[in-house]
Amino acid sequence: MTMNTEIDGAAPAVRPRRRPLLRPPVAKLAFWGISAAWFVLVIVPLIILFVFSFFTTEYFQTVYTPSLDTWTGLFSSGRFEVTLRTLRVALTVTLIELAVGFPFALWLAKGCRSSLGRAIVLALLTIPFFLDLSSRTIVWRAILGQGGLINTILLSTGLTDQPVDWLLYSEFSVHFGMIPALFPPMVLPIYMAITLIDDNLLEASNDLGATPAQTLWRVIVPLSLPGVVAGFVFTLGPALAAWVEPGMLGGGFVNLLSSSIESAYTALRYPVVAALSAFVIGLLLVLLGLLMLILRRFGGAGLTLR
Amino acid sequence: MTDATAAHAAHTRREISYSPAWKALGKWAGYLMLALIYFPLLWLVLLSISRDPLSGIPGPFSLQHYRALFASDAWHMPMLASVVIGLIVGLISAVTATIIGRAVPTMKRPGQVLLMFVLPLFVPGMSMGAALFIFGRSVLGLDLGFWSIAVGHYVWAFPYALLIVLVVTLRFDRTLIEAGRDLGASDWQVFRDIEFPILMPGIVSAGLFGFLMSFNEVMRTIFLRGTDETMPVWNWIQAAAQQSQVPIIFSLSSIILLITLPLLSAVFWLLFVRLNRT
Amino acid sequence: MKDKFSTTDQVQLTRRSLLQSMSALAGTAALGSAAAMLPGAARAADMPVVKAYGVPTAALKDWSPMEASIGVRCELSGTSNDVGVFMRDIMASNLGESTDLFIFESGTEDILGPRGFYAEIETDNPELTLWDRTSDDWKRSDVVTDPKGTQWGVPVIGNADSFGYFPAKLGMAPDSEEELSWSLMFDDENTRGRVAFGQGWAYSFPSAALYLKSTGKAEIGNVADMTGDEAKVVADFLIERKKAGQFRTLYGAFEEQIQLLTNEEVDVINCWEPAVREANLVLGPDATRYAYTKEGYFKWGHGAYVAKQAMERDNVDAIYKVLNYFLGGEYRALQARDRGYAGPNMDLGVAYAEENGWSAEEVAALKATEAKVAKKFSKPFVSTTTPQNSADIEDQWQRFLNA
């Protein structure tokens, strides 16, 4: 109102014309432009890759004769197990991250009073992205190994008389290596979502007699769901592609997707790369579909996506 | 009797619910994670000043790897390339994610569009690299190089940027825009004065994530680099050299750690000061 | 074998830093009246350039000795030792249009030669003066020729790989040169649970096949190039040993080799020879040894191959000068000193070291390398990165990893 009165009478006559001309085209054109570019950059290459899964490789050369050999080979050699194992490990890690990350994000967003402390924690969560993952992971080997720090302590204190050997080169150590590495991508989006919740809402909930547990389940969790979904996806994606941790800490006994793809690529087996990728993407889409159904039941569709 | 027990039980539940232990648990579990992240990093710093870092046990100490690092300029170009590509990818991710992120909440059926945009999150790095390589090189016959590395990184970073922006835009109250328009503000004014300040943390985080996802990316880069080198690819190549391993990477990581810690703390602190004011 | 988790690294002077240091030298020279340095520095700027692409193992720590010797500058852009990536870059990316030389482990010439990516070596090229004196063991080996015998490359370096071990833990004299059996890797009760085995099929599968073949436990034609059925037999054996707990770990990278040895996490490991040297730097001389074996070795070599398109460019002379340099004494001596790797014309390397006033120890080490290689190279087998049935072999290896 005040703005209108300040501007002289001619302006309102211009504005109705300007809005349809300027607003929809720029934003809409940009949207469709980006979508089209994205389709070309992502969807088309993936379709081409998928088509490759119906070819075969002979002596480092792709044979462009359609066949199902690659797919049948995937199952007859037991290679598809790699995808199931990868999904199992990735989901376990993601759920652990969620269990630890959500309370921490909640504390960081609403419980931590010092803005400097918060800034430092956020910086601490961001810095690991800058640093070479392999040099961070290799350190654990010196600590978890048979002659490593932990076993030395266990042996010298007499807690065990044999070195504990499942600490390294086992599924345990792979999970152990992945969990710290994937903690930040879980915490950061949840933290963002929770900071956006108005403190007045929480106070209102408290004033109306809700216990903290009720406030958590009925206010905070539903309102932070977009962040939780984002965190879940951010963690699951890299966990599926984990390459450094299983390679360095798994001792070759935890054969996951990326290593298997890499091994196929040394023989330039594009079709195997394609089939493995297609298989895991397919499994994931099924999984995501289920997740969406559950979310819809749980929180109502309006909360995740309008 | 039963009523009394029930009431008592409810009361205990309430007390458990109010217990400050929960808050402490969330806090300390998170701190434990941070410790697990930073313990190897500190160990790494110790190793970087050790004479034989590959044994994994610190000491005896020496600065020889730092001297080697500064004596060599072989890593300068790859480092520069990684930083520049990261900045470009971060900037483009932030801008495009803002455009898409503002459009999605107004759509009637955003599911499919969203799925299309986040799909690369679920495609293993090597598969995406191979797919882009086949498409760009074998199908279109393009010469690969820094530009294709940037494209590959963008495809990887954008879904992160988008989801971060969505966290903010999904909760953005659109009546504010209507209010702004009713008050006679132009669309650009509405965006600049109303939307942007509210979306800002998301947009900045999106750019930051874009940079970070690009900076350490190696699996896609291997496919898309032509013969150009980024920092992680340089490391990847050097490991095949079968030579006396002078782990100047440890030294480099230590330096990056010591530079980024205060820098990022300052950035986040500034963001908060600004946020608190608005 | 893959070196994927790179954390370590060598210090390598690039061309640019080299030029910088040379011009800096030139600067001081001009100031300090050592005018003789100037023409050299000026020459460095307009030397003919040879562009190479390949694994940096073949690179010198510093190329300046070569520039001083033959007046050619080499620009090497590196790749890892993943044969898939390497072949893709040459086949699909037409690297030959910008690159003169390719340097890689044996095998690629069988495919890239006949398919028209490599040019045949002109053995009578006037710049290739050392060709005739090079022994057929090197120059006619499978590393640089294809099965039909066409000469696609020039040998650069090579070694006979076996396994590293701790003599003390296996009850052997530290200086023993006794030939050991590969059973220590695969089949020995004393080493069960104390063995590290490489995770890559191309490096580890053939060694297991060699053991089975030479002990008569399986019938295998060519261990370096098995059929799918032969690979299945070997995979079955390895799965059985894996389930029996023979392997402590299947390692992935060079740093892991060094770490496993220096931490004494395992007693036996099929690794690269430099890993043993690195470990001994920490553990003391001869704490670990690189085995002489009864059955044979994973013999590998790096070849230098000329891009087909390069033969139509105007730096062919420079390319052949570099090829010839790879056969010469200076390169041989420097590679043997820095990595312990051998190559053709070891005698020239020894002669070079003696003429250039290397210490007696360094000369002795060179001679030891020469003797070691002569002893090892008489046994089977020559490896290849490109077995005919790579797809089947890779499938079987995955079966082993998943079992």
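Quick caveat, the model's predicted, so the values are computed rather than measured. (Residues numbered from 1 in each chain as written. Chains lettered and ligands numbered in written order. Predicted model: local features only at pLDDT ≥ 70, side-chain atom pairs only at ≥ 80, totals over all residues.)

This part takes up the overall build of chain A. In terms of regular secondary structure, chain A is built from 15 helices and two strands. Among the 306 residues that make up chain A, the fraction classed as buried is 46%. Relative to all contacts within chain A whose residues are 6 or more apart in sequence, the contacts with residues 24 or more apart total 73%. (Helix = DSSP H or I, 4+ residues; strand = E, 2+ residues; numbered from the N terminus. Buried ≥ 20, exposed ≤ 12 C-beta atoms within 10 Å, placed from the backbone. Contact = placed C-beta atoms within 7 Å.)

This next bit is on the overall build of chain C. Counting secondary structure elements, chain C contains 16 helices and 13 strands. Taking all 403 residues of chain C together, the buried fraction comes to 56%. When contacts within chain C are restricted to residue pairs at least 6 apart in sequence, those whose partners lie at least 24 apart make up 73%.

All names here are of chain C. The five strands lie next to each other as S9-S8-S10-S6-S11, forming an open sheet whose pairing is mixed. Edge positions in the sheet fall to strand S9 (247-251) and strand S11 (289-290), since each has one partner strand and no second. Sheet topology places strand S6 (residues 164-165) next to strand S10 (residues 268-269); two bridges connect them, and they run antiparallel. Along S10, the bridge assignment pairs Tyr165 with Val268. (Pairing = 2+ DSSP bridges.)

Turning to the nonpolar core, a few remarks are in order. Ala105(A), Val273(A), Ala161(B), Leu162(B), Ile164(B) and Val322(C) are the most contacted members of the largest nonpolar core, which totals 267 residues. No other element matches the 16 residues that helix H7 (residues 146-169) of chain B contributes to this core. Residues contacting Ile164(B), with those up to four places away along its chain left out, are Pro189(A), Met192(A), Ala230(A), Gly202(B), Ser205(B), Ala206(B) and Phe209(B). (Core = buried A, V, L, I, M, F, W, Y, C linked by C-beta atoms within 7 Å.)

Residues and elements named next belong to chain C. The pairing of strand S1 (residues 49-54) with strand S2 (residues 73-78) spans six bridges and is classified as parallel. If you follow Tyr53 over to S2, its bridge partner there is Ser77. Handedness of the crossover joining S1 and S2 through helix H3 (residues 64-70): right-handed. (Right-handed = clockwise from strand over helix to strand, strands pointing away.)

This part covers unusual backbone geometry. Between Pro380(C) and Phe381(C) the backbone carries a cis peptide bond, its omega angle lying at 5 degrees. Residue position: Phe381(C) is located in the loop between helix H15 (360-376) and helix H16 (390-402). Here Tyr59(A), not a glycine, exhibits a phi torsion of approximately 50 degrees, which is positive. Assignment of secondary structure puts Tyr59(A) in the loop between strand S1 (56-58) and strand S2 (61-63). In this structure, Glu264(C) takes a positive phi of about 55 degrees despite not being glycine. Within the element layout of this structure, Glu264(C) appears in the loop between helix H10 (254-262) and S10. Taking the number of C-beta atoms within 10 Å as the measure of exposure, Glu264(C) has 17 and is therefore partly exposed.

Let us look at the domain arrangement of chain C. Residue and element names in this part refer to chain C. Per the domain assignment, the segments making up chain C are domain 1 (47-156 + 302-358) and domain 2 (163-296 + 382-402). Summarising the inter-unit geometry, the C-alpha centres of domain 1 and domain 2 are found 29 Å apart. Residue-level contacts link twelve residues of domain 1 with eight residues of domain 2. A total of three residues in the side of domain 1 that touches domain 2 trace back to one element, the largest contributor, which is helix H5 (residues 108-112). Taken together, the residues that form the side of domain 1 that touches domain 2 break down as three nonpolar, five polar and four charged. (Domains from an automatic or database assignment. Nonpolar A, V, L, I, M, F, W, Y, C, P; charged D, E, K, R; others polar.)

Okay, the confidence of the model for chain A next. In low-pLDDT segments, the atomic positions of the prediction should not be examined closely. Residues and elements named next belong to chain A. On average, residues of chain A score 82 in pLDDT, and 89% of them reach the 70 mark or higher. Between the elements of chain A, mean pLDDT differs from a low of 39, seen in helix H1 (residues 2-6), to a high of 93, seen in helix H8 (residues 171-181). Under a pLDDT of 50 for its full length, residues 1-22 has, in the predicted model, eight contacts with residues more than four places off or in other chains. Note that residues 300-306 has pLDDT below 50 and, in this model, eleven contacts with residues that lie over four places away or in other chains. (pLDDT = per-residue confidence, 0-100.)

Each partner contributes to the interface: chain B provides 79 residues, whereas chain A provides 79 residues. Looking at the side of chain B that touches chain A, the elements that each hand over two or more residues are helix H1 (2-18), helix H2 (21-48), helix H4 (76-103), helix H5 (110-118), helix H6 (125-139), H7, helix H9 (187-215) and helix H12 (248-277) of chain B. A breakdown of the residues in the side of chain B that touches chain A according to their chemical character gives 57 nonpolar, 17 polar and five charged.

All names here are of chain C. Across the ten residues that make up strand S13 (residues 298-307), a large majority, ten, are buried. Relative to S13, strand S3 (residues 101-105) runs antiparallel, the two being bridged by five bridges. In the sheet register, Phe104 faces S13, and the bridge partner there is Gly303. Here strand S4 (residues 118-119) runs beside S13; their pairing, made up of two bridges, is antiparallel. Looking at S13, one finds that Tyr118 is bridged to Ala307. Note: strand S5 (residues 153-161) against S13, eight bridges, orientation antiparallel. In the strand pairing of S13, Asp161 is matched with Phe298.

Residue and element names in this part refer to chain C. Residues of chain C with pLDDT of at least 70 account for 89%, and the chain-wide mean is 85. Looking over chain C, one finds the lowest element-wise mean pLDDT in helix H1 (residues 15-31), namely 41, and the highest in S10, namely 96. The low-confidence segment residues 1-43, where pLDDT is below 50, has 87 contacts with residues more than four positions distant or belonging to other chains. Reported confidences for the modelled complex are a pTM of 0.82 and an ipTM of 0.82.

Moving on: the environment of Gly158(A). Residue and element names in this part refer to chain A. Relative to the helices and strands, Gly158 resides in the loop between helix H7 (149-156) and H8. According to the C-beta neighbour criterion, Gly158 is exposed, with 7 such atoms within 10 Å. Gly158 sits 97 residues away from Asn255 along the chain, and the two C-alpha atoms are 34 Å apart.

Residue and element names in this part refer to chain C. For the pair helix H14 (residues 346-355) and H15, the least separation of the axes is 9 Å and the interaxial angle reads 175 degrees. In terms of their interaxial angle, H14 and H15 are classed as roughly antiparallel. Where H14 abuts H15, its residues Met346, Gly349, Val350, Ala353 and Glu354 lie against Glu362, Val363, Leu366, Lys367, Thr369, Glu370 and Val373. Grouping the constituent residues of the contact of H14 with H15 by class yields six nonpolar, two polar and four charged. (Axes fitted to C-alpha atoms, helices over the stretch in contact; angles between N-to-C directions. Parallel < 35°, antiparallel > 145°, perpendicular 65-115°, else oblique.)

The next point concerns the packing of helix H4 (residues 81-111) of chain A against helix H9 (residues 183-195) of chain A. All names here are of chain A. It is the contact of H4 with H9, at a shortest axis distance of 8 Å, that shows an interaxial angle of 40 degrees. By the angle class used here, H4 and H9 are oblique. For the element pair H4 and H9, the recorded crossing hand is right-handed. Across the interface between the two elements, Glu97, Leu98, Gly101, Phe102, Phe104, Ala105, Leu106, Leu108, Ala109 and Lys110 from H4 touch Phe183, Met186, Val187, Ile190, Tyr191, Ile194 and Thr195 from H9. (Left-handed = near helix turned anticlockwise from the far one by under 90°.)

When you tally the buried positions in H10(C), you get nine out of nine residues, the bulk of the element. What H10(C) keeps buried is the set Phe254(C), Glu255(C), Glu256(C), Gln257(C), Ile258(C), Gln259(C), Leu260(C), Leu261(C) and Thr262(C). Residues of H10(C) that are buried make contact with helix H6 (133-144) of chain A together with S6, strand S8 (195-198), S9, S10 and helix H11 (273-283) of chain C. Looking at the residues trailing H10(C), positive phi occurs at Glu264(C), about 55 degrees.

In this model, helix H8 (residues 201-214) of chain C (14 residues) spans 20 Å end to end at C-alpha, consistent with the 20 Å of a helix rising 1.5 Å per residue. Count one or two residues on from H8(C) and you reach Gly216(C), which has phi positive near 75 degrees. (Expected span 1.5 Å × (residues − 1).)

Attention shifts here to the environment of Met33(B). Checked against the element boundaries, Met33(B) lands in helix H2. Classification of Met33(B) as buried rests on a count of 21 C-beta atoms within 10 Å. Linking Met33(B) and Arg174(B), residues 141 residues apart in sequence, is a C-alpha distance of 38 Å. If sequence neighbours within four positions are ignored, Met33(B) has contacts with Val100(A), Pro180(A) and Phe183(A).

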